[in-house]
Amino acid sequence: MYPIQDFIGALGAVAYSIDPITVRTKSRDYYAISPLLRNSLGGKVADIVVMPSTVEEVAIVVRAAVKHRIPIVPRGGGTANYGQSVPTLGGIVMEMTKLAGVVSVGGGVVRALAGTMASDVDAVARKSGWEMRLHPSTRSNATIAGFIAGGSGGMGSCQWGMLRDRGNITGMCVMSVEEEPRILELRGKDVELVHHAYGSNAIMLEVEMPLSPAWDWRECIVAFPDFMKAARFGVQLARETGVLKKIISLQEWPINDWMNDLRGIVPPGHTMANTMIASQCMEIFEAMVKEHGGHVASSHPEGNGPYPSPLYEYSYGHALKQVQKANPKFTALQGMFPANNLLPSIEAVHRRYAGQMPLRMEIFWSQGEVVAMGSHFILYESEKQMSDLVDFMQGEGVSVANNHASGVREVGIKVIDDRDAAFKRSMDPYNLLNPGKMDFNDEEVQKSGHVLATQGWKFKQAASA
Ligand SMILES: Cc1cc2nc3c(=O)[nH]c(=O)nc-3n(C[C@H](O)[C@H](O)[C@H](O)COP(=O)(O)OP(=O)(O)OC[C@H]3O[C@@H](n4cnc5c(N)ncnc54)[C@H](O)[C@@H]3O)c2cc1C
């Protein structure tokens, strides 16, 4: 349906593939983690994959796509978990991983080309004693721009907050999708426009992120005899800003028993709290564990635990991936437990399904307050079962983002306002960038629908002068 041969004719030396297997593979991300997305996105395929390796090559692709009005979906490592990088209207998948390399490290910030793997950014920063403040659990195969465009936070968020918290992305260089593409440097609050917009309003070329000192981290799995003891510990640990940590992930029994790699580390019936603690904070950490009625069941330097992957690969989105190895029907929601009623809301949600479905959550900072994000792991039966759980959680004051939909509005982690609409229109006047993910015409918005009646995560309005 698109004039792909004419498009190819304009590519010059830009690498591309129309091999059906390559195109099909690059048209997918990790959306199959959701039974609902498996149904709605299966079979959506691009017409061509292009792999620019310089900014000028990105511009060549953009000029040709605009001329022929072909949609472009930017793609990093393809680890997105809501189908954000699926080309719902076909067209071009623009894989950015060849536009890679760290541009500079210094003064506590790193600047890297968009397609640089997050693990490579960390490896370069570590040479001078620094590391990324935040990284996703997919660090080894996610790009830095994919993290900013598709992610929300992760390791480090229990110390530094979410990606959307001011100061956690310091700058980015982006390209518009027009006959003659413009290149802009966004700084300050303007980076929020592109963060978590799923590549629907700009193509990131370079990003700049703040660094933190690279401590010697220890991976500690703590066992608690019941979930609420673990929750009180996790919340307190997050609030202790002097205790340096990188993850707090609580997983109720029998989640640990479902994860082959972690089975047997904590005693039967115990909740496990997976943490990463800076080695100089271990003495105070161990004292806190004791005060809260737990015991450290496993403590090893980062990457040296008696399990095959780094401990963070058993938390956040990876926790679901791990339990799906036991049963692919497991699924979850993305509830945000509110700071102003944190432990009571966790307790209410826990009590309702105690002994039936185990809870998993990460505890971290958002807008200067400690919150928790997670839900029960459930065996998927029907959309109604999921909707009932959404209703229950929202009834307990938990805000729920729809992690079974691919549109920015449905997922509801980004707050969208008139600035976003104006930015999208100016950067992508022909609505060619990742269509269907964040459109601003009424018809498209209705078409993308809401599978689950989630109201999205709630964020406080920032105070202004
Ligand atoms: C098992 C698992 C665990 C996860 N854990 C976490 C976690 O801990 N924290 C977290 O925040 N997320 C997590 N995620 C989701 C997260 O979005 C990705 O892991 C990762 O950050 C995305 O990077 P990527 O390079 O793979 O991007 P992709 O999947 O390729 O793309 C993600 C989005 O970014 C857009 N994009 C990519 N490159 C560009 C660019 N140069 N310019 C503009 N847009 C672009 C794409 O169009 C797409 O919409 C997880 C996902 C899975 C499957």
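About the criteria used
- Residues numbered from 1 in each chain as written.
- Predicted model: local features only at pLDDT ≥ 70, side-chain atom pairs only at ≥ 80, totals over all residues.
- Helix = DSSP H or I, 4+ residues; strand = E, 2+ residues; numbered from the N terminus.
- Rg over C-alpha atoms; globule rule 2.2 N^0.38 Å.
- Buried ≥ 20, exposed ≤ 12 C-beta atoms within 10 Å, placed from the backbone.
- Contact = placed C-beta atoms within 7 Å.
- Pairing = 2+ DSSP bridges.
- Axes fitted to C-alpha atoms, helices over the stretch in contact; angles between N-to-C directions.
- Near = placed C-beta within 6 Å.
- Nonpolar A, V, L, I, M, F, W, Y, C, P; charged D, E, K, R; others polar.
- Arc of directions from axis to C-beta.
- Domains from an automatic or database assignment.
- Core = buried A, V, L, I, M, F, W, Y, C linked by C-beta atoms within 7 Å.
- Expected span 1.5 Å × (residues − 1).
- Parallel < 35°, antiparallel > 145°, perpendicular 65-115°, else oblique.
- Left-handed = near helix turned anticlockwise from the far one by under 90°.
- pLDDT = per-residue confidence, 0-100.

Caption draft 1: Broad picture of the overall build of the chain. The number of helices and strands found in the chain is 17 helices and 20 strands. For 465 residues, the compact-globule estimate of 2.2 N^0.38 gives 23 Å, and the C-alpha radius of gyration of the chain, at 22 Å, lies within 12% of that figure. The proportion of buried residues among the 465 residues of the chain is 52%. Taking as baseline every contact in the chain between residues at least 6 positions apart, the subset at least 24 positions apart corresponds to 72%.

Caption draft 2: Up close: the sheet that holds strand β1 (residues 15–17). In space, the 4 strands of this open sheet follow the order β1-β2-β4-β3, with mixed pairing throughout. Unpaired on one side and paired on the other, β1 and β3 (72–75) mark the two borders of the sheet. Strand-to-strand twist across the sheet, computed as the mean angle between neighbouring axes with direction ignored, equals 25 degrees. As defined by bridge partners, β1 adjoins strand β2 (residues 48–51) across 3 bridges and the pair is classed as antiparallel. Bridged to Ala15 within β2 is Met51.

Caption draft 3: Structural view of the environment of Val398. Tracing the backbone through its elements, the reader meets Val398 in the loop between α14 (383–395) and β20 (399–401). Taking the C-alpha atoms as reference points, Val398 and Ile346, 52 residues apart in sequence, are found 8.7 Å from one another. What Val398 contacts, discounting residues up to four positions off in sequence, is Gly335, Met336, Phe337, Ser345, Val349 and Met393.

Caption draft 4: Focus on the site of the ligand. As a structural note, the neighbourhood of the ligand is formed by 39 residues, with Gly76, Gly146, Gly151, Gly199 and Gly317 the closest of them. At the level of secondary structure, the elements contributing two or more residues to the shell around the ligand comprise β3, α6 (144–150), β10 (203–213) and α12 (316–326). At 5 residues, the largest contribution of residues to the shell around the ligand is made by α6. Here the shell around the ligand is composed, by residue class, of 16 nonpolar, 20 polar and 3 charged.

Caption draft 5: Focus on helix α13 (residues 342–352). When we look at burial in α13, the residues that qualify are Ser345, Ile346 and Val349. All buried residues of α13 lie within an arc of 100 degrees about the axis, which places them on one face of the element. If you follow the buried residues of α13, they end up packed against α9 (227–239), β16 (334–337), β17 (359–366), β18 (369–376) and α14.

Caption draft 6: Quick peek at the domain arrangement of the chain. One can read the domain layout of the chain as domain 1 (4–95), domain 2 (102–213) and domain 3 (217–401). A straight line from the C-alpha centre of domain 1 to that of domain 3 covers 35 Å. If you look at the interface, domain 1 gives 5 residues, while domain 3 gives 7 residues. Class assignment of the residues belonging to the side of domain 1 that touches domain 3 gives a composition of 3 nonpolar, 2 polar and no charged.

Caption draft 7: Spatial organisation of the nonpolar core. In terms of nonpolar packing, the biggest core is built from 137 residues, with Ala65, Ile92, Val174, Val194, Met204 and Val207 touching the most fellow members. The biggest single contributor to this core is α9, with 7 residues. Dropping the residues within four chain positions of it, Val174 is found in contact with Leu184, Leu186, Val194, Ala202, Ile203, Met204 and Leu205.

Caption draft 8: Structural view of the environment of Trp215. Within the secondary structure, Trp215 sits in the loop between β10 and β11 (217–224). Linking Trp215 and Gln251, residues 36 residues apart in sequence, is a C-alpha distance of 25 Å. Apart from residues lying up to four places away in sequence, Trp215 is in contact with Leu244, Ala278 and Ser279.

Caption draft 9: Just α9, in detail. In a regular helix each residue adds 1.5 Å, so 13 residues correspond to 18 Å; α9 covers 18 Å between its end C-alpha atoms and thus fits that length. Within α9, burial applies to Phe227, Ala230, Ala231, Phe233, Gly234, Val235, Leu237 and Ala238.

Caption draft 10: Representation of the sheet that holds β18. On the basis of which strands lie adjacent, the open sheet formed by 8 strands has the order β14-β11-β13-β12-β17-β18-β16-β20 and antiparallel pairing. Two strands close off the open sheet at either side, each with one partner strand: β14 (295–301) and β20. Between one strand axis and the next, the sheet turns by 20 degrees as a mean value, whatever way the strands run. Examined bridge by bridge, strand β12 (residues 245–251) and β17 share 3 bridges and lie antiparallel to one another. Within β17, the residue paired with Leu250 across the bridge is Met361. Across the sheet, helix α11 (residues 282–291) is in contact with β11, β13 (271–278) and β14; its angle to β14 comes to roughly 160 degrees.

Caption draft 11: Unusual backbone geometry, seen in detail. Between Trp253 and the following residue, Pro254, the backbone shows a cis peptide bond with an omega angle of 10 degrees. Relative to the elements of secondary structure, Pro254 occurs in the loop between β12 and α10 (255–258). Here the phi dihedral of His196 falls at roughly 60 degrees; this positive angle occurs in a residue that is not glycine. Here His196 falls in the buried class, since 22 other C-beta atoms lie within 10 Å of it.

Caption draft 12: A look at the packing of α9 against α13. At a minimum axis distance of 11 Å, the contact between α9 and α13 shows a crossing angle of 155 degrees. Here α9 lies roughly antiparallel to α13, going by the angle between them. Of the two possible hands of crossing, α9 and α13 adopt the one that is right-handed. Along its contact with α9, which presents Phe227, Met228, Ala231, Arg232 and Val235, the element α13 presents Leu342, Leu343, Ile346, Glu347 and His350. For the contact of α9 with α13, the class distribution of residues is 7 nonpolar, 1 polar and 2 charged.

Caption draft 13: Local environment of the confidence of the model for the chain. Considering every residue of the chain, the mean pLDDT works out to 94; 97% of them sit at 70 or more. Note that residues 445–449 has pLDDT below 50 and, in this model, 5 contacts with residues that lie over four places away or in other chains.

Caption draft 14: A look at the pairing of β11. Along β11, 8 of the 8 residues are buried, which leaves the element largely enclosed by surrounding structure. A two-sided burial pattern is seen for β11, the buried positions comprising Trp217, Glu219, Ile221 and Ala223 on one face and Arg218, Cys220, Val222 and Phe224 on the other. The pairing of β11 with β13 spans 8 bridges and is classified as antiparallel. Among the inter-strand pairings, Val222 is bridged to a residue of β13, identified as Ala273. Strand direction decides the pairing type here: β11 and β14, joined by 6 bridges, are antiparallel. Note on β14: the bridge partner recorded for Glu219 is His300.

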